[in-house]
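So the chains spell out like this:
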Amino acid sequence: MGRSADVPRAAGQTGGDDTGCTILHVDMDAFYASVEIRRRPELRGKPVIVGGSTRGVVAAASYEARRFGVRSAMPMGQALRLCRHAVVLPPDRAAYSQASAQVMAILREVTPLVEPLSLDEAFLDVSGAQRLLGRPLAIAQTIRARVAESLGLTCSVGVASTKFVAKLASARCKPDGLLVVPAADTLPFLHPLPVTVLWGVGERTAQPLRRLGVRTVGDLAGIPLDTLRRAVGAAVADHLHALASGRDPREVEAQDVEKSISADHTTAVDLTSEDDVARELLRLCVEVGQRLRERAWVARTIGIKIRFADFRTVTRVRTVADWLDSTTALHEIALDLYRGLDLDRPRIRLVGVKAEQFRDTADTPRQLTLDEVDPAATAALDGVTDAAQARYGVAALRPATLIREPERGSSAHRHAG
């Protein structure tokens, strides 16, 4: 993946001939930080960092913090050295998931051809929506207005003839911008950009390109294909040459169903006791269970991830007989998987939980057993917790085990795909 940070910014709105530009890339602006600022208006205009302790990483940074050089995925210790007066907030992953679902719902009102890339960005193919909603530029303006009015958040939208160029366009017009790259102007737009914006140009690929004198996308487009193949291999060369020449045949692939829901957490200090690990598993099961219930899904496959202080990582997965969505059931399985590792004096820096293999709750009858806790009571408790957290934040109502522990930082990563 190319580095969008290398795309020169030109914030604002830029129109142009949108003929044939039916691909949109919608990218929320500083998403996690913006969600936090939305419910804490007193933080508007201040440098805000969403992330964890000095052992964690930056999950998101407001644009005020970015002016000091703070970037996503940067170690928190480094970020705080760059911006010592930043307001640091722990991630509220349930809030971001809920806001993401609202954003994606708005996009799917425009077209069913929505391809989410993450919680905060997606591609759209609006070729079939033009008759009802107007030209691509007008559709992009409508999306930005709906997101702002309905959610109180801003997004940047790139409009182009290909996915690759649309994504570059949204990066260029951030924050809170809109940029159309006319199909006829694709090469003039691409060729001055650093070659590192190309998907597939990381540091390893950039080295042989630099030896060829390639610094910009235009430089790469001008290199004979045979020369490029000898430098980086045939497959990579063909891919990069096509992008540099404005060719990107990939279509928007609608993704309506997530294949997994997971959450993990890098701890502030290494965990060494089973009680501490059990507490961390419970925290993660609260989130995974809530996200299942938001979607009215039940899962049948549960897994855990454990990363040790030396960065060795182990995973365990179990497929169970019954379908489930309750936090209690998730935690019981996750804890049993952990105990099955039979660890002796471990030092654990990261814990993760995931759920897979989904069905709709309404289509899934449950087989009750004589010794089972009343499922209606469990569902009621989960429902009350979900509602309280959705309205007042993750700290509003949670298991007593989590309330009693001191507030800690987190590098909190979320995954759905």
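All values reported here derive from a predicted model rather than from experimental measurement.

Scoring rules and cut-offs
As a convention, each chain's residues are numbered from 1 in the sequence order in which they are written. Local features in a predicted model are, by the rule used here, given only for residues with pLDDT of at least 70; side-chain atom pairs are given and counted only at 80 or more, and totals for whole chains, interfaces and linings are based on all residues. Values shown for side chains rest on all heavy atoms present in the structure; no hydrogens or waters enter the calculation. Counting from the N terminus, the helices are the DSSP runs of H or I reaching at least four residues and the strands are the DSSP runs of E reaching at least two. Partly exposed describes any residue whose relative accessible area lies between the buried limit of under 20% and the exposed limit of over 50%, with all areas from a 1.4 Å probe on protein chains only and scaled to the type maximum. The contact criterion used is simple: two residues touch if any of their non-hydrogen atoms lie within 4.5 Å. The Shrake-Rupley method, run with a 1.4 Å probe, gives the accessible areas here. Residue values count only the displayed protein chains as cover. Each nonpolar core is a collection of buried residues, namely Ala, Val, Leu, Ile, Met, Phe, Trp, Tyr and Cys, held together in the definition by side-chain atoms within 4.5 Å. Pairing between two strands requires that DSSP report at least two bridges joining them. Every axis in this analysis is a line fitted to C-alpha atoms, fitted for helices over the stretch in contact. Angles between the N-to-C directions lie between 0 and 180 degrees. Centres within 6.5 Å make a pair out of two Phe, Tyr or Trp rings, where for Trp the six-membered ring is used; the pair is then stacked when the planes are under 30 degrees apart, edge-to-face when over 60, and tilted otherwise. Charge-over-ring contacts are defined here by two conditions on Lys NZ or Arg CZ: a distance within 6 Å of the ring centre and an angle within 35 degrees of the ring normal. Crossing handedness is defined as follows: a turn of the near helix away from the far one that is anticlockwise and smaller than a right angle gives a left-handed crossing, while the clockwise case is right-handed. Known as pLDDT, the predictor's per-residue confidence is scaled from 0 to 100. Polar contacts, as counted here, are pairs of nitrogen or oxygen atoms within 3.5 Å of one another; within protein the pair requires one atom able to donate a hydrogen and one able to accept it, and residues that are adjacent in sequence qualify only if both atoms are side-chain atoms. Under the convention used throughout, the expected extent of a helix is 1.5 Å for every residue step, that is, one less than its residue count. Think of a salt bridge as a Lys or Arg side-chain nitrogen and an Asp or Glu carboxyl oxygen that are within 4 Å of each other.

1. So, the overall build of the protein
Thinking step 1. Helix and strand counts for the protein come out as 16 helices and 14 strands.
Thinking step 2. Counting across all 417 residues of the protein, residues that qualify as buried make up 48%.
Thinking step 3. Contacts in the protein between residues far apart in sequence, at least 24 positions, make up 69% of those at least 6 positions apart.
Thinking step 4. Carbon and sulfur atoms provide 52% of the accessible area of the protein, an area that totals close to 19700 Å².

2. Let's talk about the nonpolar core
Thinking step 1. Counting residues in each nonpolar core, the largest one holds 37 residues, and the members touching the most others are Leu24, Phe31, Tyr96, Leu107, Leu124 and Ile143.
Thinking step 2. By residue number, the principal contributor to this core is helix α4 (residues 93-110), which donates 8 residues.
Thinking step 3. Among all residues touching Leu124, those that are not within four sequence positions of it are Thr22, Ile23, Leu24, Val26, Leu107, Val110, Thr111, Leu113, Val114, Ile143 and Val252.
Thinking step 4. Among the nonpolar cores identified, the runner-up in size contains 32 residues, and Ala169, Cys173, Val195 and Leu243 belong to it.

3. Focus on unusual backbone geometry
Thinking step 1. Geometrically, the link from Lys174 to Pro175 is a cis peptide bond, its omega value of -10 degrees lying close to zero.
Thinking step 2. Along the chain, Pro175 turns up in the loop between α7 (163-172) and β9 (178-180).
Thinking step 3. One non-glycine residue, Ala30, lies in positive phi territory at about 45 degrees.
Thinking step 4. If you trace the backbone, Ala30 turns up in the loop between β2 (23-28) and α1 (31-39).
Thinking step 5. Accessibility expressed as a relative area gives 6% for Ala30, which makes it buried.
Thinking step 6. Not every positive phi belongs to a glycine, and Asp176 is a case in point at roughly 55 degrees.
Thinking step 7. Locating Asp176 in the fold gives a position in the loop between α7 and β9.

4. Considering the sheet that holds strand β5 (residues 87-89)
Thinking step 1. Sheet architecture is open: 3 strands sit in the order β4-β3-β5, paired in mixed fashion. Each end of this open sheet is capped by a strand with a single partner; those strands are β4 (58-61) and β5. Shown here is a sheet whose adjacent strand axes are inclined to one another by a mean of 25 degrees, direction ignored.
Thinking step 2. Direction of pairing for strand β3 (residues 48-51) relative to β4: antiparallel, over a ladder of 3 bridges. For Ile49, the partnering residue across the bridge sits in β4 and is Ala61.
Thinking step 3. Contacts from α1 reach β3, β4 and β5 within the one sheet, and its direction differs from that of β3 by about 115 degrees.

5. Quick notes on the packing of aromatic side chains
Thinking step 1. Under the defined criterion, the tally for this structure stands at 4 aromatic pairs.
Thinking step 2. When the ring of Phe31 is compared with that of Tyr32, the centres are 6.1 Å apart and the planes differ by 50 degrees; the resulting orientation is tilted.
Thinking step 3. Residue classification places Tyr32 among the buried residues on the basis of a relative accessible area of 14%.
Thinking step 4. With a centroid separation of 4.9 Å and 20 degrees between ring planes, the pair formed by Trp297 and Phe358 is classed as stacked. In this pair, Trp297 sits in strand β11 (residues 297-308) while Phe358 sits in strand β13 (residues 348-360), placing the two residues 61 residues apart along the sequence.
Thinking step 5. Judged by relative accessible area, which is 18%, Phe358 ranks as buried.
Thinking step 6. The residue whose ring lies beneath Arg66 is Tyr63, and the NZ or CZ to ring-centre distance is 4.4 Å.

6. Observations regarding the packing of α4 against helix α6 (residues 136-151)
Thinking step 1. Where α4 contacts α6, the axes come no closer than 10 Å and their chain directions differ by 145 degrees. In the packing of α4 onto α6, the handedness of the crossing is right-handed. Taken together, the residues of α6 that come into contact with α4 (itself represented by Ala99, Gln102, Val103, Ile106, Leu107, Glu109 and Val110) are Ile139, Ile143, Arg146, Val147, Ser150 and Leu151.

7. Quick notes on the confidence of the model for the protein
Thinking step 1. Counting all residues, the mean pLDDT for the protein is 86, and 83% of those residues have values of 70 or more.
Thinking step 2. The secondary structure element of the protein with the lowest average pLDDT is strand β14 (residues 413-416), at 43, and the one with the highest is β2, at 98.

8. Some remarks on the side chain of Ser326
Thinking step 1. Tracing the sequence through the fold places Ser326 in the loop between β12 (313-324) and α14 (327-339).
Thinking step 2. Judged by relative accessible area, which is 12%, Ser326 ranks as buried.
Thinking step 3. Polar side-chain contacts of Ser326 include one of 3.0 Å to the backbone nitrogen of Ala329.

9. A closer look at α14
Thinking step 1. An ideal rise of 1.5 Å per residue puts 18 Å on 13 residues; α14 measures up with 18 Å between its terminal C-alpha atoms.
Thinking step 2. Listed as buried for α14 are Thr327, Ala329, Leu330, His331, Ile333, Ala334, Leu335, Leu337 and Tyr338.

10. Considerations on the pattern of salt bridges
Two side chains carrying opposite charge are able to pair once their charged atoms lie near each other.
Thinking step 1. Enumeration according to the criterion identifies 25 salt bridges in this entry.
Thinking step 2. Where Asp29 meets Lys174, a salt bridge forms, and the shortest distance between an N and an O atom there is 2.7 Å. Highlighted residues: Asp29 in the loop between β2 and α1 and Lys174 in the loop between α7 and β9, separated in sequence by 145 residues. No difference in accessibility class separates Asp29 from Lys174, as the two residues are buried.
Thinking step 3. A salt bridge links Glu356 to Lys354; the nearest nitrogen and oxygen atoms lie 3.4 Å apart.
Thinking step 4. When its relative accessible area of 25% is taken as the criterion, Glu356 is described as partly exposed.
Thinking step 5. Linked by salt bridges that have partners in common, Glu36, Arg39, Arg40 and Asp92 make up one network.

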